[in-house]
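Per-entry structural report
So you can see what is in the structure, the chains are spelled out below.
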Amino acid sequence: MPHPFYFNLKDEKKESALGFLVESLLKSRIQLGLENNPEQPEEDVNIYLAFLLLEASYPSYHERIRQLTSPRNTDIFKLIEDSQDNYFKYLVYKTNADHLLLLLSIFQNLDSEERVGESAFFEKSSSSYEGYAKTYYQFASEYDRLVHRKITAVGIILQKLSNSFSRYEQLLMNVGDVYLNFLKTKEDAFREFLHNLEKNKVLFQIREKQDLFLDLYSAYRKTYDSVLKEKLIQTGEELKRLDPSFRMPLL
């Protein structure tokens, strides 16, 4: 891959930053041979992804989405199950889809000295989370249509992201070095950004470990199998290290 080009976020306006990110995506497309398909134009997706990358460059973005995101699809469904607000459902699904797209692409192979990669966020396979993201984009598109009572430009983009998720995941993977250098042009914001990313990582680890513990506990209570008990104790100890407030139930 050619040497990344750079952008000085300190000296440039937001509009210039957006233009830089669009240009980065276009160059990445050319490098990967993913040039625009005349039968299904993707200029709208380029703009959407550029806005997403720009928004994610601000630490406040990660604070804002924390209450809406989870690596567990059951959490997402519980969050929206009692809501009658279609816009809220749209927002939850879209936010989680965008978040997974970034974690599976831009942030999956960060240098260990700065931040561990995708495996620190997820315990299931990448394909599982890719499936979640595609489903979330699909649902977000449908709820966008319900909110506006018509098919909107954003809804079409979300549908494209759902249908061709791996294509856009590959595109963002390729633009990752450029984007991380873009973030580093504002050192204070970048450090805060990484701090927020670290907090997300710990939260994701705890939730994944809680899922595993509950599954093992349920299976153990049905069989009282000694092997399951050993795995349950081990998982409980791992969960305790992540979350000191955790208390192991009596077995």
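Please read all numbers here as calculations on a predicted model, not as lab measurements. (Residues numbered from 1 in each chain as written. Predicted model: local features only at pLDDT ≥ 70, side-chain atom pairs only at ≥ 80, totals over all residues. Heavy atoms only, no water.)

**Details of the overall build of the chain**
Broken down by element type, the chain carries 12 helices and zero strands. The order of α-helices and β-strands along the chain, N terminus first, is α-α-α-α-α-α-α-α-α-α-α-α. Put simply, of all contacts in the chain between residues at least 6 apart along the chain, 70% involve residues at least 24 apart. (Helix = DSSP H or I, 4+ residues; strand = E, 2+ residues; numbered from the N terminus. Contact = heavy atoms within 4.5 Å.)

**Considerations on helix H8 (residues 153–163)**
Turning to H8, its buried residues number three or more, namely Gly 155, Ile 157, Leu 158, Lys 160, Leu 161 and Ser 162. Residues of H8 that are buried in the fold lie against helix H2 (43–56), helix H5 (86–104), helix H7 (126–148) and helix H9 (165–174). (Buried < 20%, exposed > 50% of the residue type's maximum accessible area, 1.4 Å probe, protein only.)

**Section: the nonpolar core**
Among the nonpolar cores identified, the biggest contains 50 residues, and Leu 49, Leu 161 and Tyr 179 are the most heavily contacted of them. For this core, the leading source of residues is H5, giving nine residues. The residues contacting Leu 161, other than those within four sequence positions of it, are Val 45, Tyr 48, Leu 49, Tyr 137 and Tyr 168. One finds Phe 213, Tyr 217, Tyr 220 and Leu 228 within the second-largest nonpolar core, a separate group that totals nine residues. (Core = buried A, V, L, I, M, F, W, Y, C linked by side-chain atoms within 4.5 Å.)

**Brief notes about the packing of aromatic side chains**
Per the counting criterion, the structure on display carries eight aromatic pairs. Ring centres of Tyr 93 and Phe 139 lie 5.1 Å apart, and the angle between their planes is 70°; this geometry places the pair in the edge-to-face category. Of the two residues, Tyr 93 sits in helix H5 while Phe 139 sits in helix H7, which places them 46 residues apart along the sequence. Residue classification places Phe 139 among the partly exposed positions, given a relative accessible area of 26%. With centroids separated by 6.0 Å and ring planes inclined at 10°, the aromatic side chains of Tyr 93 and Tyr 143 adopt a geometry described as stacked. In this pair, Tyr 93 is assigned in helix H5 and Tyr 143 in helix H7, connecting sequence segments 50 residues apart. Of the residues examined, Tyr 93 reaches a relative accessible area of 3% and is grouped as buried. Tyr 143 gets classed as buried once you look at its relative accessible area, which sits at 18%. (Phe/Tyr/Trp six-rings, centres within 6.5 Å; stacked < 30°, edge-to-face > 60°.)

**Here's the deal with the confidence of the model for the chain**
Should pLDDT be low for a region, the predicted coordinates there are not to be read in detail. Confidence in the prediction for the chain averages 79 pLDDT; 77% of positions are at 70 or higher. Taken together, the stretch residues 1–12 has pLDDT below 50 and engages in 26 contacts with residues farther than four places along the chain or on a different chain. Contacts for the low-pLDDT stretch residues 110–120, under 50 throughout, to residues beyond four places or in other chains number 22 contacts. (pLDDT = per-residue confidence, 0-100.)

**Some details on unusual backbone geometry**
Residue Arg 149 is not a glycine yet carries a positive backbone phi of 60°. Inspection of the secondary structure assignment puts Arg 149 in the loop between H7 and H8. In this structure, Tyr 224 is a non-glycine residue whose phi angle is positive, near 55°. Looking at the element boundaries, Tyr 224 is found in the loop between helix H11 (187–223) and helix H12 (226–242). Residue classification places Tyr 224 among the partly exposed positions, given a relative accessible area of 49%.

**Structural notes on the pattern of salt bridges**
Taken as a whole and judged by the stated rule, the model has seven salt bridges. Linking Lys 160 and Asp 44 is a salt bridge whose minimum nitrogen-to-oxygen distance equals 3.0 Å. In this pair, Lys 160 sits in helix H8 while Asp 44 sits in helix H2, placing the two residues 116 residues apart along the sequence. On the accessibility criterion, Asp 44 (25% relative accessible area) is partly exposed. Salt bridges sharing partners connect three or more residues here, namely Arg 29, Glu 42 and Arg 167. (Salt bridge = Lys/Arg side-chain N within 4 Å of Asp/Glu carboxyl O.)

**Observations concerning helix H10 (residues 176–184)**
Most of H10 is tucked away: seven of the nine residues are buried. All buried positions along H10 are accounted for by Gly 176, Val 178, Tyr 179, Leu 180, Asn 181, Phe 182 and Leu 183.

**Thoughts on the packing of H2 against H5**
At a minimum axis distance of 12 Å, the contact between H2 and H5 shows a crossing angle of 80°. In terms of their interaxial angle, H2 and H5 are classed as roughly perpendicular. Facing H2, whose interface residues are Tyr 48, Leu 49, Leu 52, Leu 53 and Ala 56, H5 presents Lys 94, Asp 98, Leu 101 and Leu 102. Residues belonging to the contact of H2 with H5 are distributed by class as follows: seven nonpolar, no polar and two charged. (Axes fitted to C-alpha atoms, helices over the stretch in contact; angles between N-to-C directions. Parallel < 35°, antiparallel > 145°, perpendicular 65-115°, else oblique. Nonpolar A, V, L, I, M, F, W, Y, C, P; charged D, E, K, R; others polar.)

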